[in-house]
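Summary of structural features
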Amino acid sequence: HKLLLFSQFTSYLALFKAQFDALNIPYAYLDGTLTPEQRRDEVNKFQNDSNIKVFLISLKAGGIGLNLTAADYVFLADPWWNPAVEDQAINRAHRIGAKRSVTITRFLAVDTIEQRIHEVLERKRALFDAVFSDDIAAPSSGLSREEIFSLFNLEGGGAKPQAA
């Protein structure tokens, strides 16, 4: 197995680097300070060296132009509140040429504001998917009548005029 470990904090990645170094575990590393040549070398090392099982990647630096089809695990070490950025990171492993299923794991501390924000984001994502489906009123959409009306700031199905 090979894994991509993303963090939005290079200082957090530094903790992983120190631990891997102490345990003599080889890894590839990518953050925004690398030159294009260094970036290419790290990608090639991860993709082609069977001894390199881990790729530590800064979330923002890893979002563009990477095809990491050797990975079958993606870990998001800390939450990033823009779901599109997380999706872009995850998609590094879902590319043409990928031959393995990919498992995605997000790390969230229990009973924290981050956990609650993540839950809100998941509800918003489900709501978005349901609103833009072909059959919004279907029971399978998961939206109650009240939720649908709340989207449009309506109560009980009747529009309330808003002061301009």
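The paragraphs below set out a description of the structure included in this document. (Residues numbered from 1 in each chain as written. Predicted model: local features only at pLDDT ≥ 70, side-chain atom pairs only at ≥ 80, totals over all residues. Heavy atoms only, no water.)

Concerning the nonpolar core
Formed by 22 residues in total, the largest nonpolar core has its most connected members in Leu 4, Phe 6, Phe 46, Phe 55 and Leu 68. Elements with a minimum of two residues in this core: strand S1 (3-7), strand S2 (28-30), helix H2 (36-48), strand S3 (54-58), strand S4 (73-76) and helix H3 (83-90). With near-sequence residues (within four places) excluded, Phe 46 lies in contact with Lys 2, Leu 3, Leu 4, Ala 28, Ile 52, Lys 53, Val 54, Phe 55, Leu 68, Ala 70 and Ala 71. With 9 residues, the next largest nonpolar core counts Leu 3, Leu 5, Val 54 and Ala 77 among its residues. (Core = buried A, V, L, I, M, F, W, Y, C linked by side-chain atoms within 4.5 Å. Buried < 20%, exposed > 50% of the residue type's maximum accessible area, 1.4 Å probe, protein only. Helix = DSSP H or I, 4+ residues; strand = E, 2+ residues; numbered from the N terminus. Contact = heavy atoms within 4.5 Å.)

What to know about the environment of Asp 31
Along the chain, the position of Asp 31 falls in the loop between S2 and H2. Among the residues examined, Asp 31 registers a relative accessible area of 10% and is labelled buried. At a separation of 2.8 Å, a polar atom in the side chain of Asp 31 contacts the side chain of Tyr 29. (Polar contact = N/O pair within 3.5 Å; in protein donor to acceptor, adjacent residues only side chain to side chain.)

Focus on the side chain of Asp 72
Counting through the fold element by element, Asp 72 comes out in the loop between S3 and S4. Taking the relative accessible area as the measure of exposure, Asp 72 reaches 6% and is therefore buried. Side-chain polar atoms of Asp 72 contact the side chain of His 1, separated by 2.6 Å. Not counting residues within four places of it along the chain, the set of residues in contact with Asp 72 comprises His 1, Lys 2, Arg 100, Ser 101, Val 102 and Thr 103.

As for the packing of aromatic side chains
One pass over the full model with this rule turns up 5 aromatic pairs. Where Phe 20 meets Tyr 27, the ring centres are 5.9 Å apart and the plane angle is 40°; that geometry is what we call tilted. Tyr 27 carries the same exposure label as Phe 20, and that label is buried. Linked through ring pairs, Tyr 73, Phe 75 and Phe 107 together constitute an aromatic cluster. The residue whose ring lies beneath Lys 2 is Phe 46, and the NZ or CZ to ring-centre distance is 4.8 Å. Seen from the ring of Tyr 29, Lys 17 lies directly overhead, with NZ or CZ sitting 4.1 Å from the centre. (Phe/Tyr/Trp six-rings, centres within 6.5 Å; stacked < 30°, edge-to-face > 60°. Lys NZ or Arg CZ within 6 Å of the ring centre and 35° of its normal.)

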